[in-house]
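A structural walkthrough
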Amino acid sequence: MDMPAPKPEILRRKSELATRLRAILTKDALIEAPEELKAYECDALTAYRCPPLLAVLPETTEEVSNVMAICHEMGVPVVPRGAGTSLAGGALPSEDAVILGVARLRDVVEINTSDRYIRVQTGMTNLAVTAAVEDEGFFYAPDPSSQLACAIAGNIAMNSGGAHCLKYGVTTNNLLGVNMVMADGEVVEIGGAEMDAGGLDILGLICGSEGQLGVVTEATLRILPKPEGARPVLFGFDSNEVAGACVADIIRSGLIPVAIEFMDRPIIRATEEFAGAGYPDCEALLIVEVEGSDQEINDQLARIIEIAKRHTPVAIRESQSAEESARIWLGRKSAFGAMGQRGDYICLDGTIPVGALPAVLKRIAELGDEHGHMVGNVFHAGDGNMHPLILYNANAPGQLESAERLGAEILKLCVDAGGCLTGEHGVGVEKRELMTHQFAPTDLEAQMAVKDVFDPTWILNPAKVFPLDVSASRRAGA
Amino acid sequence: MSILTAKETAKSEADLVEIIRGAGPFVIEGGGTRRIGLAEGENLSTRGLNGVTLYEPGTLTLVAQAGTPLHEIDALLASERQRLAFDVPDLRRLLGCEGESTLGGVVATNASGPRRVAVGACRDFCLGVRFIDGRGEVVKNGGRVMKNVTGLDLVKLMAGSQGTLGVMTEVSLKVQPLPETVVTLAVPGCDAAEAIAILSRMLGQPYDLTGAAWQNGEVLLRLEGFETSLRYRVERLKALLRRDGVEHWGAEICDPIWRGIRDVTVLHDRPGDVWSVSVKPSEAVRVLEAVQPEDVIFDWGGNRLWLLTKAGTDVRAKLTSGHATLVRASGETKRRLGVFPPKSPTIERISAGLRQQFDPEGKFNRGMR
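Residues numbered from 1 in each chain as written. Chains lettered and ligands numbered in written order. Predicted model: local features only at pLDDT ≥ 70, side-chain atom pairs only at ≥ 80, totals over all residues.

For the rest of this paragraph, the subject is the overall build of chain B. Looking only at helices and strands, one finds 13 helices and 17 strands in chain B. The C-alpha atoms of chain B give 21 Å as radius of gyration, which agrees with the globular expectation for 369 residues (21 Å, within 12%). Counting only C-alpha atoms and orienting by the principal axes, one finds that chain B spans roughly 75 × 50 × 35 Å. When the 369 residues of chain B are sorted by exposure, 55% land in the buried category. (Helix = DSSP H or I, 4+ residues; strand = E, 2+ residues; numbered from the N terminus. Rg over C-alpha atoms; globule rule 2.2 N^0.38 Å. Buried ≥ 20, exposed ≤ 12 C-beta atoms within 10 Å, placed from the backbone.)

Structure (structure tokens):
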């Protein structure tokens, strides 16, 4: 993975920049000491690290605006950062970039349960949003697995989903309005508490834009009444094909499970050794969760079991209690940790049409063998959002590169199957160079033309999302 | 080779490219059933781009060309017991026009009916798009999967853009299985304030209402799903309502009622202007007091107000929040008040910037901004 060389004139003006930033920030909001900057040298894609020029942690939208105005005037790249949980290098800095963290913007601005929204500053964590409205019987629906740590700012930047988005949608379906600081420091209000903003859907454009268009400092989010209850059922199957066919039948049945999770044999084995959830020894496993009253849950699970039985599952385990539910989810929730015990891994998130699941899983296994890496698959089957985990040994020379080559092959496979490179993690630096496999030059040009409108000098998170050679002339103009 | 002009109907994307490169300005037209802006230019029809490209009931995905008539899509989906989730309004009677609605027009106007309160708008079901920009370049974005954050989301940008950025040629959509059954609860004798109180309280309950409206003094609450579940939910809602005279109806009675709300039937064939106002439900009563409309429908739990006003009334002048679209009025009133809500200077600058990038010569739908 390459990053462009830092611009020497920016490195030269570091102390001038620091002086100007210090003047507009509260006293400990500017981070310049090399040992403190180390905390900002990477996000959750830890394979790549680079200390930033400086980091700032503003406390108000106005401070964010002032920081942007200064960086804009001096032509300094700015890398926005939420909680730094991106798996795609979305918050990876460069030597000549300022990290702009929103971690100190964490106030609840307004809660309105009768109009069903909450307005928050975007440094708040995903789970804290739900915690703020829980006592009144509401929750915020998108639930990325990093929800304890990840910030709303990053959720908006990556259009985060989660296990339950099959029913509730992803961030873009739950976002009503934002306050955004533009590249030149101007603050713009987009949308509000109403269901639509009128005019062009700029909010839809902002969501998932990976910090390319602005820094979102406040957001109005739709909140929903908490369901009465939820319980899963677990099925074991003796092949991925059969499990895939079962998923398709459940989806078209008219039932709306809140989650359909899929685990393949390598993951089942790893989680059994790690967490001992008591999963059946089989090729593929589905966890299907439904919501409602106790009786509604029983009825829905009965229907789902009836559908699954047509596919002759080798195991059925229906939860009757909170404890049984927790046991069924235990293995799924510890899957990443279990794979982490076996070595380092790259987590991909290519998405495919659900019908292509069996063929894609088969080909992933073949590709893994060819490249000499074990690949486990644990993912949101209901929406085709795969999460292949490629194991490698970071200490063995060449292993990371070989795992990345395999990852690229798998993502191309997802695109060729009618899917896309990333469902919820974002492109970042990780999948940047693969964009030409999914998009024609005119498609990428159209997207970059949108960035030109918001950030004409390309100072916001440059060298991300678009292949370096494709964006080179625009970045050089900055 | 003869040069195609907009006078002939383009039969393919390539035809459209040729026409667009050769002339302009254009007014893009699918079925011509949802045009509320003022037309300025030559008609450019997408009706020749007709056909479903892909339909996979098992993955709830449909891809169709922009000129495909909506009724053909509805019929195809119904044959697999599926539908478009977002309840596409039929505004022909309201707007006094005829024609066959097309998929492209539905998406370009983000046409969404009562079910939006539960499932989202048309834009929330748009997975991918192909369009031709003002230079005649074909651009694709999104795809046919539910989760996709690969690059910037131009699908959302095109949905609801009123044809001001490009001519859509193909759209892929997520579709929805038909529910087993449907029930509507009707709460008669409610004024606007009571209606908002009931709607907000009931939407705050975990019963997944797929319709929440008020018209003719009656609050209407729709539930869709499996029969046993609906029986339970109806009982729960009735208990929470604690009111006499609450009725519940099955499909034969409630389908026409919700079609009526979707299509704004109560305001058909009545003199005056029709506005669609987007507000927080808690502001709805204040809007009515300020505007004093001739008649009103609350949809989306009071998030959308359909207002019938005396001709020439400037509803926007009376709003303190939210925004208003002038859906039906004389050309003179539309020119004087503007059809679409005004934007803040920054949003206007961004919007103009986007139009400049996609349609630098201003070829498309000048009267729809």
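Quick look at the overall build of chain A now. Each helix and strand counted, chain A has 18 helices and 18 strands in total. The C-alpha atoms of chain A give 23 Å as radius of gyration, which agrees with the globular expectation for 478 residues (23 Å, within 12%). Considered along the principal axes of its C-alpha atoms, chain A spans approximately 70 × 55 × 40 Å. Put simply, chain A has 478 residues, and 57% of those count as buried. In chain A, 72% of the contacts between residues at least 6 apart in sequence involve partners at least 24 apart. (Contact = placed C-beta atoms within 7 Å.)

Looking now at the pairing of strand S14 (residues 284–291) of chain A. Residue and element names in this part refer to chain A. Within S14, 8 of the 8 residues are buried, which leaves it mostly tucked inside the rest of the structure. Burial of S14 is two-sided: the residues Ala284, Leu286, Val288 and Val290 facing one way and the residues Leu285, Ile287, Glu289 and Glu291 facing the other way are all buried. Bridge count for strand S12 (residues 230–237) against S14 is 8 bridges, and the pairing is antiparallel. Bridge pairing links phenylalanine 237 to alanine 284 in S14. By the bridge criterion, 6 bridges tie strand S13 (residues 259–264) to S14 in an arrangement that is antiparallel. From the neighbouring strand, glutamate 261 faces S14, where its bridge partner is isoleucine 287. (Pairing = 2+ DSSP bridges.)

Before going further, it helps to spend a moment on the interface of chain A and chain B. On the side of chain B, 66 residues touch chain A, which itself brings 72 residues to the contact. For the side of chain A that touches chain B, the element with the highest residue contribution is helix H17 (residues 441–454) of chain A, accounting for 8 residues. Its residues placed into classes, the side of chain A that touches chain B shows 27 nonpolar, 29 polar and 16 charged. (Nonpolar A, V, L, I, M, F, W, Y, C, P; charged D, E, K, R; others polar.)

Turning to the sheet that holds S12 of chain A, a few remarks are in order. Residue and element names in this part refer to chain A. One open sheet accounts for 7 strands, arranged S15-S12-S14-S13-S17-S18-S16; its pairing is antiparallel. Because the sheet does not close on itself, it has two edges, and the strands there are strand S15 (315–318) and strand S16 (344–347). With strand direction ignored, the average angle separating the axes of adjacent strands in the sheet is 15 degrees. In this fold helix H13 (residues 335–342) packs onto S13, S16, strand S17 (375–380) and strand S18 (388–392), with an angle of close to 20 degrees to the strand it touches most, S18. (Axes fitted to C-alpha atoms, helices over the stretch in contact; angles between N-to-C directions.)

This part is about the domain arrangement of chain A. Residue and element names in this part refer to chain A. Here the domain parsing of chain A yields domain 1 (8–101), domain 2 (108–225), domain 3 (230–336), domain 4 (343–428) and domain 5 (433–476). Taking only C-alpha atoms, the centre of domain 4 and the centre of domain 5 are 24 Å apart. Taken together, the contact between domain 4 and domain 5 spans 8 residues of the former and 6 residues of the latter. (Domains from an automatic or database assignment.)

Taking 1.5 Å as the rise per residue, H17 of chain A with 14 residues should run 20 Å; its terminal C-alpha atoms sit 20 Å apart, in good agreement. Within the sequence span of H17 of chain A, burial applies to Asp443, Leu444, Ala446, Gln447, Met448, Val450, Lys451, Val453 and Phe454 of chain A. Check the buried side of H17 of chain A and you find it contacts helix H8 (202–206), helix H16 (435–438) and helix H18 (468–476) of chain A together with strand S7 (138–142), helix H7 (154–158) and helix H13 (345–358) of chain B. (Expected span 1.5 Å × (residues − 1).)

Right, let's talk about the sheet that holds strand S4 (residues 98–101) of chain A for a bit. Residues and elements named next belong to chain A. Within the open sheet, the 4 strands sit side by side as S1-S2-S4-S3. Their pairing is mixed. The open sheet is flanked by strand S1 (30–31) and strand S3 (78–81), the only strands paired with a single partner. Against the sheet, helix H2 (residues 14–24) engages S1 and strand S2 (54–56), with an angle of about 10 degrees to S2. Most of the contacts of helix H4 (residues 61–74) go to S4, to which it runs at about 165 degrees, and overall it touches S2, S3 and S4.

The next subject is the pairing of strand S4 (residues 61–65) of chain B. Moving residue by residue along a regular strand, the side chains alternate between the two faces of the sheet. Residue and element names in this part refer to chain B. Counting buried positions along S4 gives 5 out of 5 residues, so the element sits mostly inside the fold. Of the two faces of S4, the one carrying Thr61, Val63 and Gln65 and the one carrying Leu62 and Ala64 are both buried. The turn linking strand S3 (residues 52–56) back onto S4 is made up of 4 residues, and leucine 60 within it adopts a positive phi angle of 55 degrees. Across 5 bridges, the pairing between S4 and strand S8 (residues 167–174) is antiparallel. Along S8, the bridge assignment pairs alanine 64 with valine 171.

Taking 1.5 Å of rise per residue, the 12 residues of helix H8 (residues 192–203) of chain B would be expected to cover 16 Å, and the 16 Å separating its terminal C-alpha atoms lies within 8% of that figure. Where H8 of chain B is concerned, the buried positions are Ala195, Ile196, Ile198, Leu199, Ser200, Met202 and Leu203 of chain B.

Let's shift gears to the nonpolar core. Val98, Ile206, Leu286 and Cys414 of chain A are the most contacted members of the largest nonpolar core, which has 212 residues in total. Element by element, the count of residues in this core is highest for helix H15 (residues 399–416) of chain A, at 7 residues. Look past the residues within four positions of valine 98 of chain A in its chain and what remains in contact with it is Pro52, Leu53, Leu54, Ala55, Val56, Cys71, Val76 and Val78 of chain A. Ranked by size, the runner-up nonpolar core spans 52 residues in total, among them Val117, Leu230, Trp258 and Phe298 of chain B. (Core = buried A, V, L, I, M, F, W, Y, C linked by C-beta atoms within 7 Å.)

Residue and element names in this part refer to chain B. If you check the domain split of chain B, you get domain 1 (45–177), domain 2 (181–263) and domain 3 (265–337). Centre-to-centre separation of domain 1 and domain 3, based on C-alpha positions: 27 Å. The partner domain 3 presents 7 residues to the 6 residues of domain 1 that form the contact. Element by element, the count of residues in the side of domain 1 that touches domain 3 is highest for helix H3 (residues 92–95), at 3 residues. Tallied by class, residues from the side of domain 1 that touches domain 3 come to 4 nonpolar, no polar and 2 charged.

Let's shift gears to the packing of helix H9 (residues 240–252) of chain A against helix H14 (residues 357–371) of chain A. Residue and element names in this part refer to chain A. Packing of H9 against H14 brings their axes to within 8 Å, and their N-to-C directions diverge by 150 degrees. In this view, H9 runs roughly antiparallel relative to H14, as classed from their interaxial angle. For the crossing formed where H9 meets H14, the hand is right-handed. Residues Asn240, Glu241, Gly244 and Val247 of H9 form the contact with H14, whose own contacting residues are Leu357, Pro358, Leu361 and Lys362. Residues that form the contact of H9 with H14 fall into these classes: 4 nonpolar, 2 polar and 2 charged. (Parallel < 35°, antiparallel > 145°, perpendicular 65-115°, else oblique. Left-handed = near helix turned anticlockwise from the far one by under 90°.)

It is worth spelling out the packing of H9 of chain A against helix H11 (residues 294–309) of chain A at this point. Residues and elements named next belong to chain A. Between H9 and H11, whose axes approach to 9 Å, the crossing angle comes to 140 degrees. Relative to H11, H9 is oriented oblique. Crossing geometry of H9 relative to H11 is assigned as right-handed. Contact residues: H9 offers Cys246, Asp249 and Ile250, while H11 offers Ile304, Ile307 and Ala308. Partitioned by chemical class, the residues of the contact of H9 with H11 number 5 nonpolar, no polar and 1 charged.

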